[in-house]
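Structural characterization, general
Read off the chains here:
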Amino acid sequence: MSAVESKLAELGLTLPEVVPPLAAYQPAVQSGVYVYTSGQLPMVDGKLVATGKVGAEVAPEAAKELAATCALNALAAVKSIAGDLDRVARVVKVVGFVASAPDFTAQPAVVNGASELLGAVLGDKGVHARSAVGVAVLPLDSPVEVEIQVELTEA
């Protein structure tokens, strides 16, 4: 078991299977030393675990947990390319999308769920640049979607 997956286990988490694409794209691609993930939804065992707008049908704290699930799915996508999460030199960028009620403005607090998970799992390698974007709707009426970019070490 890799050091990263040991840390996940210590946190009571298991790396899921890669979420299959919902359309014409790949879960992740590599270009040089970088892996870019597609937007990851809060899917667990092949099912979207919540729907609706944050600040209306979905509470911000629940959405923050969903963002962490998205980040876990993104790590699974990275592993599918890298072969081993110990090859992650650093998370470079996180982009989080939050399907928001019209008056909801705490998108950064929601996307903290993804950022905090990456920091807990990867330590200093999980520190990253980030955008947190409020949107009207996401695929399947998901409350959140997260994509990440990581830099890899040599194999």
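These lines cover the structure that appears in this document, whether it is placed above or below. (Residues numbered from 1 in each chain as written. Predicted model: local features only at pLDDT ≥ 70, side-chain atom pairs only at ≥ 80, totals over all residues. Heavy atoms only, no water.)

**Things to note about the sheet that holds strand E1 (residues 28-31)**
Think of a sheet as strands paired side by side through backbone hydrogen bonds, with each pair either parallel or antiparallel. Strand order in this open sheet of five strands is E1-E2-E7-E5-E6, and the pairing throughout is mixed. In this open sheet, the two edge strands, each paired with only one partner strand, are E1 and strand E6 (129-135). On average, each strand axis in the sheet is inclined to that of its neighbour by 15 degrees, with strand direction left out of account. Most of the contacts of helix H2 (residues 60-82) go to strand E7 (residues 144-152), to which it runs at about 40 degrees, and overall it touches E1, strand E2 (34-37), strand E5 (88-99) and E7. Running over the sheet, helix H3 (residues 107-122) touches E5, E6 and E7 and is turned about 145 degrees from E6. (Pairing = 2+ DSSP bridges. Helix = DSSP H or I, 4+ residues; strand = E, 2+ residues; numbered from the N terminus. Axes fitted to C-alpha atoms, helices over the stretch in contact; angles between N-to-C directions. Contact = heavy atoms within 4.5 Å.)

**Some words on H2**
Taking 1.5 Å per residue, 23 residues should reach 33 Å; H2 reaches 33 Å between its end C-alpha atoms and fits that length. Backbone geometry just after H2 places glycine 83 at a positive phi near 85 degrees. (Expected span 1.5 Å × (residues − 1).)

**Topic: the pairing of E2**
Only one face of E2 is buried: it carries Val35 and Thr37, and the other face, with Tyr34 and Tyr36, is open. Bridging between E1 and E2 involves four bridges; their strand directions are antiparallel. By the bridge assignment, glutamine 30 is partnered in E2 with valine 35. Between E1 and the antiparallel strand that follows it, E2, lie two residues; glycine 32 among them carries a positive phi value of about 65 degrees. One ladder, built from three bridges, connects E2 with E7; its direction is antiparallel. When the bridges of E7 are listed, valine 35 appears paired with valine 150. (Buried < 20%, exposed > 50% of the residue type's maximum accessible area, 1.4 Å probe, protein only.)

**Things to note about unusual backbone geometry**
Even without glycine at this site, aspartate 45 takes up a positive phi of about 55 degrees. Here aspartate 45 shows up in the loop between strand E3 (43-44) and strand E4 (47-48). Not every positive phi belongs to a glycine, and aspartate 141 is a case in point at roughly 65 degrees. Within the secondary structure, aspartate 141 sits in the loop between E6 and E7.

**Some remarks on the packing of H2 against H3**
As a packed pair, H2 and H3 sit with axes 7 Å apart at the nearest point and diverge in direction by 45 degrees. Here H2 is positioned oblique relative to H3, judged by the angle of their axes. The hand of the H2/H3 crossing is right-handed. Here Pro60, Ala63, Lys64, Ala67, Ala68, Ala71, Leu72 and Leu75 of H2 come into contact with H3, specifically with Ala109, Val110, Val111, Asn112, Gly113, Ala114, Glu116, Leu117, Leu118, Val121 and Leu122. Residues that form the contact of H2 with H3 fall into these classes: 15 nonpolar, two polar and two charged. (Parallel < 35°, antiparallel > 145°, perpendicular 65-115°, else oblique. Left-handed = near helix turned anticlockwise from the far one by under 90°. Nonpolar A, V, L, I, M, F, W, Y, C, P; charged D, E, K, R; others polar.)

**Some remarks on the environment of glycine 126**
Inspection of the secondary structure puts glycine 126 in the loop between H3 and E6. Sequence-wise, glycine 126 and leucine 15 are 111 residues apart; in three dimensions their C-alpha atoms are separated by 16 Å. In this view, glycine 126 contacts Val91 and Leu118; residues no more than four positions away in its chain are not counted.

**Concerning the packing of helix H1 (residues 3-10) against H3**
Two elements in contact, H1 and H3, have axes whose closest approach is 8 Å; the angle formed by their N-to-C orientations is 115 degrees. Along its contact with H1, which presents Val4, Lys7 and Leu8, the element H3 presents Ala120, Val121 and Leu122. Classifying every residue of the contact of H1 with H3 by side-chain character gives five nonpolar, no polar and one charged.

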